[in-house]
Amino acid sequence: MGRVLARIIDETPGCSVAGGLEPKGSALVGSAMGLTGMTISDDPAALFRKIDGIIDFTLPAATLSLVEFSAKAGIVHVIGTTGIDAAGDEKIRAAGKSARIVKSGNMSLGVNILASLVRKAAQALGEEFDIEVLEMHHRHKIDAPSGTALLLGKAAAEGRKIDLAKRSLRSRDGHTGARPAGDIGFAALRGGSVVGDHTVIFAGNSERIEFSHKAESRDIFAHGAVKAALWAKGQKPGLYSMTDVLGLE
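Each chain has its residues counted from 1, following the order in which its sequence is written. Reporting of local features is limited, given that this is a predicted model, to residues whose pLDDT is at least 70; pairs of side-chain atoms are given and counted only at 80 or more, and all residues count toward the totals for whole chains, interfaces and linings. Working from all heavy atoms in the structure, the side-chain values ignore hydrogens and water.

Undergrad: Report on the packing of aromatic side chains, specifying residues and quantitative values.
TA: Each Phe, Tyr or Trp ring, with Trp reduced to its six-membered ring, pairs with another whose centre is within 6.5 Å; inter-plane angles below 30 degrees give stacked pairs, above 60 give edge-to-face pairs, and intermediate values give tilted ones. Using the criterion set out here, one finds three aromatic pairs in the structure. Their ring planes at 80° and their centres at 5.9 Å tell us that F202 and F211 sit as a pair that is edge-to-face. Residue classification places F202 among the buried residues on the basis of a relative accessible area of 0%. The interplanar angle of 85° and the centroid separation of 5.1 Å between the aromatic rings of W231 and Y240 together place this pair among those described as edge-to-face. Directly above the ring of F186 sits R170, whose terminal nitrogen or CZ lies 5.4 Å from the centroid. The classification of residues rests on relative accessible area computed with a 1.4 Å probe and restricted to protein chains. Under 20% of the type maximum is buried, over 50% is exposed, and intermediate values are partly exposed. Geometrically, a lysine NZ or arginine CZ counts as sitting over a ring once it is within 6 Å of the ring centre and also within 35 degrees of the ring normal.

Written out as structure tokens, the structure is:
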């Protein structure tokens, strides 16, 4: 994803790559970043002194460390990292008091349009329609459900005006009994090199509505992240989402 981001940033008018970050001890430190002419560093303090923003597709611990630098510098921070817990989200929200943060479980423009449609469908359809979120990713993905699946589940919960944390079903095994009405179910598949497939199913009596998105290239996430960074540069400090970037509300 880092290599894709470097290429897309370099191809976007008004943007340039200032450098990349890897943890200390990484074999990639000091290596070139594709055709950008920049090298990868392990010194975030030095990098943050010369940038307008950072696009962050890393791991939760790295993101929570980097967001402290963003808050001190008051710059743009686009977060595509998934798997961040509630305490981490609170830390990011606090950093938004001085930084311009855009955080999303998926930076794809198409996925965020999909989330808007799911929200509206959930609002329009009653609990006689069961909601299931199905996702599949490559064998190397380490978190489940995916950040995108949770983003879509949250959209459905917002449409229904329910708390996703209290009304989500993450696994089924054995004698589970009947499906509780109104809950939102999740299923995660892993295998091969799948970039990301997501389907939200509204299953009613005698009819079923399915909303799907299939990612065919990581470029879509990079394009969305760069769009978010350019949008955030003109905003006041705060914590934003791709819904804000796309003007979907």
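Undergrad: Can you break down the sheet that holds strand β3 (residues 53-56) residue by residue, with the values?
TA: Sheet strands pair via backbone hydrogen bonds, and the direction of the pair is either parallel or antiparallel. Taken in spatial order, the four strands make up an open sheet running β3-β4-β5-β11, and their pairing is parallel. Looking at the sheet topology across the chains shown, the edges are occupied by β3 and β11 (238-240). Sheet twist, expressed as the average angle between the axes of neighbouring strands with direction ignored, equals 15°. Strand pairing is assigned whenever DSSP detects at least two bridges linking the two strands. Helix and strand assignments follow DSSP, with helices taken as H or I runs no shorter than four residues and strands as E runs no shorter than two, numbered in order from the N terminus. Of the pairings in the sheet, the one linking strand β5 (residues 100-103) to β11 comprises three bridges and is parallel in character. Here an axis means a line fitted to C-alpha atoms, over the contact stretch when the element is a helix, while the angle between two N-to-C directions is reported on a 0 to 180 degree scale.

Undergrad: Explain the pattern of salt bridges to me, using residue names and the numbers behind them.
TA: In what follows, salt bridge is the name for a side-chain nitrogen of Lys or Arg lying within 4 Å of a carboxyl oxygen of Asp or Glu. Overall, the coordinates contain 15 salt bridges when judged by the stated rule. D42 is paired through a salt bridge with K24; the nearest N and O atoms lie 4.0 Å apart. One end of the pair, D42, is in the loop between β2 (40-41) and α2 (44-48); the other, K24, is in the loop between β1 (20-21) and β2, with 18 residues separating them in the sequence. Residue class for D42 comes out partly exposed when judged on its relative accessible area of 25%. Here K141 makes a salt bridge to D143, at a shortest N to O gap of 3.1 Å. Each of D130, E132, R172 and R179 takes part in a single network of salt bridges with overlapping partners.

Undergrad: Could you give an account of the pairing of strand β6 (residues 130-137), naming the residues involved and the relevant values?
TA: Relative to strand β9 (residues 196-203), β6 is paired through seven bridges, and the arrangement is antiparallel. Counterpart to I131 in the pairing with β9 is F202. In this structure, β6 lies alongside strand β8 (residues 184-190), joined through seven bridges in parallel fashion. From the neighbouring strand, L134 faces β8, where its bridge partner is A187.

Undergrad: Tell me what's going on with the sheet that holds β8, and back it up with residues and numbers.
TA: Spatial ordering of the open sheet is given by β7-β8-β6-β9-β10, a layout of five strands whose pairing is mixed. Looking at which strands have only one partner, the edges of the open sheet turn out to be β7 (168-169) and β10 (208-215). Inspection of the sheet shows β7 paired to β8 by two bridges, in the parallel sense. Note on β8: the bridge partner recorded for S168 is I184. Contact definition: two residues touch when any of their heavy atoms are within 4.5 Å. Sitting on the sheet, helix α5 (residues 109-124) is in contact with β6, β9 and β10, with an inclination near 165° to β10.

Undergrad: Describe helix α8 (residues 219-232), and please don't skip the residues or the numbers.
TA: Take the number of residues in a helix, subtract one, and multiply by 1.5 Å to get its expected span. The end-to-end C-alpha distance of α8 is 20 Å, a good match for the 20 Å that 14 residues give at a rise of 1.5 Å each. Buried within α8 are the following residues: F221, A222, G224, A225, V226, A228, A229 and A232.

Undergrad: Run through the packing of helix α3 (residues 60-73) against helix α4 (residues 86-95), naming residues and quoting values.
TA: The contact between α3 and α4 brings their axes to 9 Å, and the two run at 10°. Taken together, the axes of α3 and α4 are roughly parallel relative to one another. For α3 against α4, the interelement crossing comes out left-handed. Taken together, the residues of α4 that come into contact with α3 (itself represented by T63, L64, V67, E68 and A71) are G88, K91, I92 and A95. Residues that form the contact of α3 with α4 fall into these classes: five nonpolar, two polar and two charged. Angle categories: roughly parallel below 35 degrees, roughly antiparallel above 145, roughly perpendicular from 65 to 115, and oblique for all the rest. Crossings are sorted by hand: turned counterclockwise from the far helix by less than a right angle, the near helix makes the crossing left-handed, and turned clockwise it makes it right-handed. By the convention adopted, Pro, Cys, Tyr, Trp, Phe, Met, Ile, Leu, Val and Ala count as nonpolar, Lys, Arg, Asp and Glu as charged, and the other residues, Gly among them, as polar.

Undergrad: Go over the packing of α5 against helix α6 (residues 147-160), please, and point to the residues and values.
TA: At a closest axis distance of 7 Å, the pairing of α5 and α6 adopts a crossing angle of 30°. Comparing their axes, α6 and α5 come out roughly parallel. Between α5 and α6 the crossing geometry is right-handed. Across the interface between the two elements, V111, N112, L114, A115, V118, R119, A122 and Q123 of α5 pack against T148, L151, L152, A155, A156, E158, G159 and R160 of α6.

Function cannot be inferred from these measures alone, as they are strictly geometric.
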